[in-house]
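Survey of secondary and tertiary structure
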Amino acid sequence: MAQAPKPKFEPEFLGDLSEQTPNKQDSDDASLSQWIPLVRCSADFPIDVFEIALLNLVHHPEYNSTLILRSEVLAEWTSASADGLPEGVPKVVGGSKPVRCIHRKLLPRRPGRDAALEQYCTFYAASPPAADLEEKEEDGQDGEGRVVTALVLTPIVEEGGTLPYYHPAVHHILFEYISPSSSTSASSSSSSLPPNATASSLSIASKLQISAHPLPGTPTSFSSRLHRTSLALLETLHRYGWGALGNYKKRVIHDCLVKREAYQDLYLVMRERHKGLVGSWKEVTDPYKHVFEDIGIATFLMLLWKDTYAGSDSPSDPEEDDKEPWKRWGRPPGGFIDFGCGNGLLTHILVSEGYDGVGIDLRARTSWEHYPQASRDALRVCAFSPFDLVSSSSLPPSPSPSPLPQADSSNPIPPSSSCASPDSSPASNPSDLKDADSSSSASIFKPNAFIIANHADELTPWVPVVATLIDASGYLSIPCCAWGFDRKFEKGMGKMFDSSSSSRSRDDSDEKEDSGNRTKGEGE
């Protein structure tokens, strides 16, 4: 049976309550009178899946804030009690008692700008009626029967410390599932309701509600940052709950080759090391797009090679290993080949981090001559033919060899391999000239090399072919547009198998035959 359409998210703002901010002397007391309700919406899912939605919210804060990288669980208590709770965490919330506490650490996306923050995430549950417990015990089920009704997030701040920008200025944030049968919620005191609220104006349906225990002086008006953050959190919680109700599962599993956490940590390091390339960009294209995109690709490749190839066994300096651990990581035995390297940025980043390889393209770019000498030596102007990589002994015998296609403007045929360093151009320093023979295909297409095709255009379909011909150790293809082996791919340019045409021709012939028979019969 198909799932019902997702209900519309319709928040209810609970009034401008800026005058109800707790005083300093009350800031450490999370009693009912200190919670300020901010926003609520209809709970379009049963309370049984509320805990699942809360766990998604706790484990994935990055989905709700672009300033947070991820969270890491430092410790967890699954049978929390009021006596065992950390200091500063509310002991009771709306009559519910603590049943679980997660100690997590929020990692910022910009460590140089924002600090990390630790938090206590405490789940509270209300005990069901005694009759329900007896019924579960008779059925052989757990007699505890906890039902999570609330979650409190408590930031851990040292005395005299401040909260990072990405966290609201509060002592606690409260998420509640308020059922019609609930007699009390943590923020249901009459003093906390908006002045124009009446019993008839409030829906009797179950509600999701977010309340806060703000720091002194924190604005709580409709236009405040606290209200905007609460609204975003409530919408996320509403979406998670509906997804849990329908047993939502991700259709695509990401991070299969490289773990997300390892990638994020190394990317932050690589970004700091190479972000200066934005200021020295020499191309007319957008530096922010190209620089950080190629830093990300280089990060992925470094971790992929680490897990694929054997690392170095030679003695090393422990201090250097802490600063640049990738120097001892595994790497392709034959180096890397960056097909259609363009501005050469990806080649430059990898060479700068100690990886052997070359980048090839049909022409040099403006950026090439501004890279360090090691990167310039790795960049080659190269036009090659894949047929030159095939030895004559490996070709099957042919009784009548087919003539080679003729070159024209729409179907360029590459000449025989011709590769040279950019320094061989007349504008380069004569002392840097290189012999073209040393830059031939044999010196570039080494066995066990790893081929990189990042937006390689017309070279894209040849990547697996060349990888097979040179016995490459692997390849990574990141295409941007479709190309055939001899021209840019166009929809409808040719069909290998067109079963519909043959079936249509048979139908047409049958129809003509039937029409002829009918005409003949009418004439008779």
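Residues numbered from 1 in each chain as written. Predicted model: local features only at pLDDT ≥ 70, side-chain atom pairs only at ≥ 80, totals over all residues. Heavy atoms only, no water.

A few words now on the overall build of the protein. Regarding its fold elements, the protein presents 11 helices and 14 strands. By the burial criterion, 40% of the 524 residues in the protein qualify as buried. In the protein, of all internal contacts separated by at least 6 residues, the share reaching a separation of at least 24 is 72%. Summed over all atoms, the accessible surface of the protein reaches about 29700 Å², with 52% contributed by carbon and sulfur. (Helix = DSSP H or I, 4+ residues; strand = E, 2+ residues; numbered from the N terminus. Buried < 20%, exposed > 50% of the residue type's maximum accessible area, 1.4 Å probe, protein only. Contact = heavy atoms within 4.5 Å. Areas by Shrake-Rupley, 256 points an atom, 1.4 Å probe, with all protein chains shown as cover.)

This part covers the environment of threonine 66. Summarising the element assignment, threonine 66 is placed in the loop between α1 (50–59) and β3 (68–77). Sequence separation between threonine 66 and tyrosine 166 is 100 residues; the distance between their C-alpha atoms is 9.0 Å.

Glancing now at the packing of aromatic side chains. Each aromatic ring pair is specified by the distance between its two centres and by the angle formed by the two planes. Tallied over the full model, the rule gives 11 aromatic pairs. Ring plane angle 55° and centroid distance 6.0 Å describe the contact between phenylalanine 45 and tyrosine 177, whose orientation is recorded as tilted. Highlighted residues: phenylalanine 45 in the loop between β2 (36–42) and α1 and tyrosine 177 in strand β7 (residues 170–178), separated in sequence by 132 residues. With relative accessibility at 3%, the residue phenylalanine 45 sits in the buried group. In this structure tyrosine 177 comes out as buried when scored by relative accessible area, which is 6%. With a centroid separation of 5.0 Å and 80° between ring planes, the pair formed by tryptophan 462 and phenylalanine 485 is classed as edge-to-face. In this pair, tryptophan 462 sits in the loop between β13 (450–454) and α10 (463–469) while phenylalanine 485 sits in the loop between β14 (474–478) and α11 (499–523), placing the two residues 23 residues apart along the sequence. Judged by relative accessible area, tryptophan 462 falls into the buried class, the value being 17%. Through pairs of rings, three or more aromatic residues link up here, namely Trp305, Phe336, Tyr355 and Phe450. The residue whose ring lies beneath lysine 306 is tryptophan 329, and the NZ or CZ to ring-centre distance is 4.5 Å. Between arginine 331 and the ring centre of tyrosine 355, over which it is positioned, the NZ or CZ distance is 4.0 Å. (Phe/Tyr/Trp six-rings, centres within 6.5 Å; stacked < 30°, edge-to-face > 60°. Lys NZ or Arg CZ within 6 Å of the ring centre and 35° of its normal.)

Along the chain, glutamate 353 turns up in the loop between α7 (345–352) and β10 (357–361). Engagement of the side chain of glutamate 353 in a polar contact is seen with the side chain of arginine 273, the distance being 3.1 Å. In terms of polar contacts, glutamate 353 uses its side chain to reach the side chain of tryptophan 326, at 3.0 Å. (Polar contact = N/O pair within 3.5 Å; in protein donor to acceptor, adjacent residues only side chain to side chain.)

In this section: the sheet that holds strand β8 (residues 207–214). On the basis of which strands lie adjacent, the open sheet formed by 8 strands has the order β1-β2-β8-β7-β6-β5-β4-β3 and antiparallel pairing. The sheet terminates laterally at β1 (12–13) and β3, the two strands that pair on one side only. Two elements, strand β5 (residues 117–126) and strand β6 (residues 147–156), share 9 bridges in a ladder whose sense is antiparallel. By the bridge assignment for β6, glutamine 119 is matched with proline 155. The strands touched by helix α3 (residues 225–245) within the sheet are β1, β2, β7 and β8, with β2 carrying the most contacts at an inclination of about 35°. (Pairing = 2+ DSSP bridges. Axes fitted to C-alpha atoms, helices over the stretch in contact; angles between N-to-C directions.)

A word on the pairing of β13. Most of β13 is tucked away: 5 of the 5 residues are buried. When β13 meets β14, the two strands line up parallel, connected through 5 bridges. Across the sheet, residue phenylalanine 450 finds its bridge partner in β14, namely glycine 474. For the segment spanning β13, α10 and β14, crossover handedness is right-handed. (Right-handed = clockwise from strand over helix to strand, strands pointing away.)

Let us look at the pattern of salt bridges. Applying the stated criterion across every chain, the model contains 14 salt bridges. Ionic pairing is found between aspartate 265 and arginine 70, a salt bridge with its closest N-O pair at 3.1 Å. Here aspartate 265, found in helix α4 (residues 260–274), pairs with arginine 70, found in strand β3; they are 195 residues apart in sequence, far enough to count as distant. Take arginine 70: its relative accessible area is 2%, and that puts it in the buried class. Among the ionic pairs, glutamate 272 bridges to lysine 275, the shortest N-O distance being 3.0 Å. (Salt bridge = Lys/Arg side-chain N within 4 Å of Asp/Glu carboxyl O.)

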